[in-house]
Amino acid sequence: MKTCIALLLALATAPLYAQAPPAGDQAQAQPAVPDVPQRGSTMAQVEAKYGAPREKHAAVGKPPITRWDYDTFSVYFEREYVIHSVVPGSPPVITAPDADSG
């Protein structure tokens with residue numbers, strides 16, 4: 001019993017070490033955010049900048065949601081405006097809400 005108490009006291013008072021983040025050249029580069037259409041762009045602007053999509057899916061629902069597939073990303077439109085651009089397999093990119101939308 002005394003051994004258990006001594007062990008618990010030793011563990012409780014032992015300093016905890018955290019690995020410091022790498023500095024300078026040791027820092028790992030963050031993956032670049034791919035160039036994808038921005039929210040609010042029109043279908044015409046997307047096609048002018050990125051060319052014709054590999055596939056255009058028919059609109060579904062109300063309001064109509066359309067998906068265009070390119071080789072490295074997909075674009076979702078509500079009516080003719082971009083609402084999301086998605087890169088398959090990448091983590092989501094969190095952006096701050098628009099200042100005007102509050």
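Above: the structure in question.
Residues numbered from 1 in each chain as written. Predicted model: local features only at pLDDT ≥ 70, side-chain atom pairs only at ≥ 80, totals over all residues. Heavy atoms only, no water.

What about the nonpolar core?
Among the nonpolar cores identified, the biggest contains 8 residues, and these are Val36, Val46, Trp68, Tyr70, Phe73, Val75, Phe77 and Val82. If near-sequence neighbours (up to four positions away) are discounted, Val46 is found in contact with Pro37, Ser41, Gly51, Trp68, Tyr70, Phe77 and Val82. (Core = buried A, V, L, I, M, F, W, Y, C linked by side-chain atoms within 4.5 Å. Buried < 20%, exposed > 50% of the residue type's maximum accessible area, 1.4 Å probe, protein only. Contact = heavy atoms within 4.5 Å.)

So, the packing of aromatic side chains
For any pair of aromatic rings, the description consists of the separation of the ring centres together with the inter-plane angle of the planes. Tallied over the full model, the rule gives 4 aromatic pairs. Here Tyr50 and Phe73 contribute two aromatic rings whose centre-to-centre distance is 5.5 Å and whose plane-to-plane angle is 75°, an arrangement assigned as edge-to-face. Pair noted here: Tyr50 is in helix H2 (residues 43-50) and Phe73 is in the loop between strand S2 (65-69) and strand S3 (74-78), with a separation of 23 residues, a long-range link. Members of the aromatic cluster, each reached through a chain of ring pairs, are Tyr50, Tyr70 and Phe73. (Phe/Tyr/Trp six-rings, centres within 6.5 Å; stacked < 30°, edge-to-face > 60°. Helix = DSSP H or I, 4+ residues; strand = E, 2+ residues; numbered from the N terminus.)

Description of the sheet that holds S2
Here 4 strands make up an open sheet; going across it, the order is S1-S2-S3-S4 and the pairing antiparallel. Each edge of the sheet is formed by a strand with only one pairing partner; in this case those strands are strand S1 (55-56) and strand S4 (81-86). Bridge analysis of S1 against S2 gives 2 bridges, and the strand direction is antiparallel. Each residue of the ladder has a partner; that of Lys56, found in S2, is Trp68. (Pairing = 2+ DSSP bridges.)

Topic: the pattern of salt bridges
Applying the stated criterion to the full structure yields 5 salt bridges. Among the ionic pairs, Asp35 bridges to Lys49, the shortest N-O distance being 3.6 Å. Within this pair, whereas Asp35 is found in the loop between helix H1 (2-13) and H2, its partner Lys49 is found in helix H2, the two being separated by 14 residues in sequence. Given the relative accessible area of 56%, Lys49 is considered exposed. In this structure, the salt-bridge partner of Arg67 is Asp69, at a minimum N-O distance of 2.9 Å. Exposure remark for Arg67: the relative accessible area of 29% places this residue in the partly exposed category. (Salt bridge = Lys/Arg side-chain N within 4 Å of Asp/Glu carboxyl O.)

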